[in-house]
Amino acid sequence: MSDRPPGRTVLAAVAVVSLATAGCLGAGPTAPSMPTPTPTPTLTPSPTANTDCPPALTVYELDAEPADRGSAVAYGNLTAAQRETFDRARNGSVEGFDYAWHDVDVVVHEGTYYRASVVVC
């Protein structure tokens, strides 16, 4: 058996239980707090990003350049806005055009085939 008197054993047991539960109840010393992680900054595009080189629609006459002329869109099938843009962009380029131009590759107008390209720098 034990050489301790019964009162001391009970007292020691109470002390051990008290110390063991003190941390759980917040009554004892606390563990060092972990530093709060600093969020990684995200890149935010500048308000002027891509404004000095916006996409442009270029339209030029096809000579011997290979093209799928079978998929050419007839000028008359373009919307009024697309025809106006086509006329402004012919042999040049235009900014601020309808997104539908992304799907148009070749336009046929009065028997002449034109390449319509969206140029992004």
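Described below are features of the structure shown in this document.

Notes on the overall build of the protein chain
On a plain count of helices and strands, the protein chain comes out with two helices and five strands. Traced from its N-terminal end to its C-terminal end, the protein chain shows the element sequence α-β-β-α-β-β-β. A burial count over the protein chain gives 19% of its 121 residues as buried. Accessible surface for the protein chain amounts to roughly 9100 Å². Of this, 59% is attributable to carbon and sulfur atoms.

Let's talk about the sheet that holds strand β4 (residues 106–109)
Pairing in this open sheet of five strands is mixed, and the strands run β2-β4-β5-β1-β3 from one edge to the other. Two strands in the sheet have a free side with no partner beyond their single neighbour: β2 (73–74) and β3 (92–95). Relative to strand β5 (residues 112–119), β4 runs antiparallel, the two sharing four bridges. Note on β5: the bridge partner recorded for Val 106 is Arg 115.

Quick notes on the rules
Here the residue numbers are simple positions, counted from 1 along each chain's written sequence. Local features in a predicted model are, by the rule used here, given only for residues with pLDDT of at least 70; side-chain atom pairs are given and counted only at 80 or more, and totals for whole chains, interfaces and linings are based on all residues. With hydrogens and water excluded, all non-hydrogen atoms of the structure serve as input to the side-chain values. Each helix corresponds to a stretch of at least 4 residues labelled H or I by DSSP, and each strand to a stretch of at least 2 residues labelled E; elements are numbered beginning at the N terminus. Relative accessible area decides the class of each residue, using a 1.4 Å probe on protein chains only: under 20% of the type maximum gives buried, over 50% gives exposed, and in between gives partly exposed. Surface accessibility follows the Shrake-Rupley procedure with a 1.4 Å probe radius. Residue values consider only the protein chains on display as shielding. DSSP calls a pair of strands paired once it identifies at least 2 bridges connecting them.

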